[in-house]
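# A closer look at the structure
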Amino acid sequence: MPAVLWVGMRLLRERRVYPTVIVGTVGWFFTVGHYIEGLGERPERIMPLGTLALFVVATALSSLVLRPRNE
């Protein structure tokens, strides 16, 4: 997932994506790592939507870190 995030942003010619990729990578490993045992035992289960929403919001907010400021 982190590699897909980075490749997609580079293909779209986004610059200054390092905070987004770092937060996305760390968040993805923590999110998936916490639920991987339950998902492995019962493949029909999905992760809680609240957890996934928190991951998406945190990753999206990290994109605001290196935005150029309009002066």
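Residues numbered from 1 in each chain as written. Predicted model: local features only at pLDDT ≥ 70, side-chain atom pairs only at ≥ 80, totals over all residues. Heavy atoms only, no water.

## So, the overall build of the chain
What the chain contains, in helices and strands, is 3 helices and 0 strands. For the chain, the sequential pattern of α-helices and β-strands runs α-α-α. For the chain, buried positions account for 20% of its 71 residues. (Helix = DSSP H or I, 4+ residues; strand = E, 2+ residues; numbered from the N terminus. Buried < 20%, exposed > 50% of the residue type's maximum accessible area, 1.4 Å probe, protein only.)

## Section: helix α3 (residues 49–62)
The end-to-end C-alpha distance of α3 is 20 Å, a good match for the 20 Å that 14 residues give at a rise of 1.5 Å each. Considered for burial, the residues of α3 that qualify are Phe55, Thr59 and Ser62. Relative to the axis of α3, the buried residues are bounded by an arc of 60° and lie together on one face. Looking at α3, the residues exposed on the side facing more than 90 degrees away from the buried face are Leu49, Gly50, Leu54, Val56 and Leu61. (Expected span 1.5 Å × (residues − 1). Arc of directions from axis to C-beta.)

## Focus on a nonpolar patch on the surface
Taken together, the side chains of Tyr18, Ile22, Val26 and Phe30 make up a nonpolar region of the molecular surface, amounting to roughly 480 Å² of accessible area. By the element assignment, Ile22 lies in helix α2 (residues 18–41). (Patch = residues over 30% accessible without salt bridge, like charges linked within 9 Å, V, L, I, M, F, W, Y side chains within 5 Å. Areas by Shrake-Rupley, 256 points an atom, 1.4 Å probe, with all protein chains shown as cover. Salt bridge = Lys/Arg side-chain N within 4 Å of Asp/Glu carboxyl O.)

## Notes on the confidence of the model for the chain
Mean pLDDT over the chain works out to 78, with 80% of the residues at or above the 70 mark. Within the chain, the lowest mean pLDDT, 78, falls on helix α1 (residues 2–11), and the highest, 87, falls on α3. (pLDDT = per-residue confidence, 0-100.)

## Some words on the side chain of Thr31
Among the secondary structure elements, Thr31 is positioned in helix α2. Taking relative accessible area as the criterion, Thr31 reaches 9% and is therefore assigned buried. The residues touching Thr31, leaving out its near neighbours within four places in the chain, are Met47, Thr51, Leu52 and Phe55. (Contact = heavy atoms within 4.5 Å.)

## Notes on the environment of Trp6
Residue placement: Trp6 occurs in helix α1. Sequence separation of Trp6 and Ile22 is 16 residues, and the distance between their C-alpha atoms is 9.6 Å. If near-sequence neighbours (up to four positions away) are discounted, Trp6 is found in contact with Val17 and Val21.

## Quick notes on the environment of Val26
When you line up the elements, Val26 lands in helix α2. The partly exposed category is assigned to Val26, whose relative accessible area is 42%. When the C-alpha atoms of Val26 and Phe55 are compared, they prove to be 9.9 Å apart, with 29 residues separating the residues in sequence.

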